[in-house]
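Listed below, chain by chain, are the residues.
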Amino acid sequence: MRQIQGLIALAAIGSCVLLAALMQEHNPYRVRSTAPCIAGEKYIVVIIPSYNNIRWCQANIKSVIDQNYSNYHVIYIDDRSTDGTSEAVTKLVDQSPLKNRITIIHNDTRKGALANIYHAIHACPDKAIVATVDGDDFLASADVLQILNKAYDDSNVWLTYGQFATYPGNALGICHDMPAQIIKEASYRAQQDWFTSHLRTFYAGLFKKIKEEDLKFKGEFFTMTWDRAFLYPMMEMANGRIKFIDKILYIYNQANPLNDFRTNVRYQEHCCRLIQQMPPYQALSMEQAASFCIA
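The following paragraphs examine the structure supplied in this document.

How each quantity is defined
- Residues numbered from 1 in each chain as written.
- Predicted model: local features only at pLDDT ≥ 70, side-chain atom pairs only at ≥ 80, totals over all residues.
- Heavy atoms only, no water.
- Pairing = 2+ DSSP bridges.
- Helix = DSSP H or I, 4+ residues; strand = E, 2+ residues; numbered from the N terminus.
- Axes fitted to C-alpha atoms, helices over the stretch in contact; angles between N-to-C directions.
- Buried < 20%, exposed > 50% of the residue type's maximum accessible area, 1.4 Å probe, protein only.
- Arc of directions from axis to C-beta.
- Contact = heavy atoms within 4.5 Å.
- Phe/Tyr/Trp six-rings, centres within 6.5 Å; stacked < 30°, edge-to-face > 60°.
- Lys NZ or Arg CZ within 6 Å of the ring centre and 35° of its normal.
- Salt bridge = Lys/Arg side-chain N within 4 Å of Asp/Glu carboxyl O.

**Let's talk about the sheet that holds strand E8 (residues 200-203)**
Backbone hydrogen bonds hold the strands of a sheet together, and the pairing may be parallel or antiparallel.
Argument step 1. The strand order E3-E2-E1-E4-E8-E6-E11 describes an open sheet built from seven strands, whose pairing is mixed. Here the strands that pair on one side only, and so sit at the sheet edges, are strand E3 (102-106) and strand E11 (242-244). The mean inter-strand angle of the sheet, taken between neighbouring strand axes irrespective of direction, is 15°.
Argument step 2. Sheet topology note: the strand E1 (residues 44-50)/strand E4 (residues 129-132) ladder contains four bridges and is parallel.

As structure tokens, then:
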């Protein structure tokens, strides 16, 4: 009898190990399946798409893990860097006491920032607050996540943006409050000035309502101006539930030679026009937003 019980126990352990392996395979991002609020802190997922950022990757990720905040997870996606970024980040995270809060994804092939962001967000619970941080940029202070947490206390906030400063130079960014007329007319795509920039945050569930095909051109995810590709639909669906944060939350690195405006400005402008010409999304009702909105 004891022998049979022992075999049953071993089989149960084996099943658990197999299940854990399968779960890891299907959700390599290791984010929570729910988004609990713990000690007043909402669940925030910081997604960092990165490619060849060896000069800035350590300062980048340290600016996130040094936050005065506990209820967060970082998804760092190395898009097959060739300059040692992946190894440097892995070493830093392995030595960190907070490594259980960080998932590093090592892509076997280049996928592009938007593809990486898309798949990471779809692994997050709907009520998670997502913040996207480019792999060569930095959070401006250790209190950024606390500021975001407070902003989302308001159930009428589904999306936030701004403000940033540039590096080098420390110039103030171009973000400003959303004019009431734009909100009233939902004319986000008609604006020539782009002021809904870093730091971009939103509910994962809001992002998931964007059609995948609207994030693509000729079957591939946009490789430039991809922030507009997802922000326009979300602003349209949010119907005014948008908050501009005038505090500097983000440091935008203009020293990177791989910046879009340095590599192919004509293609950048072409992508922008394509996105602006897409049909607008309809505003969501509170019932449609129930899956993600924290009342």
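**A word on helix H3 (residues 85-94)**
For the α-helix, the turn length of 3.6 residues means that residues three or four positions removed from each other point alike.
Argument step 1. Burial in H3 covers these residues: Thr85, Ser86, Ala88, Val89, Leu92 and Val93. All buried residues of H3 fall inside an arc of 165° around its axis, so they share one side. Residues Glu87 and Lys91 are exposed on H3 and point more than 90 degrees away from its buried face.
Argument step 2. The inward-facing, buried residues of H3 abut E1, helix H2 (57-65), strand E2 (72-78) and E3.

**Description of the packing of aromatic side chains**
Argument step 1. Scanning the model with the defined rule gives 15 aromatic pairs in all.
Argument step 2. Taken together, the aromatic side chains of Tyr118, Phe202, Phe207, Phe221, Trp226 and Phe230 make up a single cluster linked through ring pairs.
Argument step 3. Residue placement shows Arg110 over the ring face of Tyr51; its charged tip is 3.6 Å from the ring centre.

**Comments concerning the pattern of salt bridges**
Argument step 1. A full pass over the atoms with the stated rule returns eight salt bridges.
Argument step 2. Lys216 is the salt-bridge partner of Glu212, the closest N and O atoms lying 2.8 Å from each other.
Argument step 3. For Lys216, a relative accessible area of 23% translates into the label partly exposed.
Argument step 4. Through salt bridges with shared partners, a single ionic network connects Asp134, Arg200 and Asp227.

**A word on the pairing of E8**
Argument step 1. Neither face of E8 is open: one carries Arg200 and Phe202, the other Thr201 and Tyr203, and all of them are buried.
Argument step 2. Direction of pairing for E4 relative to E8: antiparallel, over a ladder of four bridges. Directly across from Ile129, in E8, lies its bridge partner Tyr203.

**Re the sheet that holds strand E12 (residues 250-253)**
Argument step 1. As summarised here, the arrangement of the three strands in space is E5-E12-E7, forming an open sheet in which the pairing is mixed. Both edges of this open sheet fall to strand E5 (138-139) and strand E7 (164-167), since each of them pairs with a single strand only.
Argument step 2. Of the strand pairs in this sheet, E7 and E12 are connected by four bridges, and their pairing is parallel. Residue pairing for E12: Ala165 is matched across the bridge by Ile251.

**Here's the deal with unusual backbone geometry**
Argument step 1. In this structure, the amide linkage connecting Gly162 to the following residue, Gln163, adopts the cis form with an omega of -15°.
Argument step 2. Within the secondary structure, Gln163 sits in the loop between strand E6 (159-161) and E7.
Argument step 3. In the segment running from His198 into Leu199, the intervening peptide bond is cis, with an omega of 5°.
Argument step 4. Take Leu199: it is sitting in the loop between helix H6 (180-185) and E8.
Argument step 5. Backbone geometry at Ala39 places phi at a positive 50°, although glycine is not the residue there.

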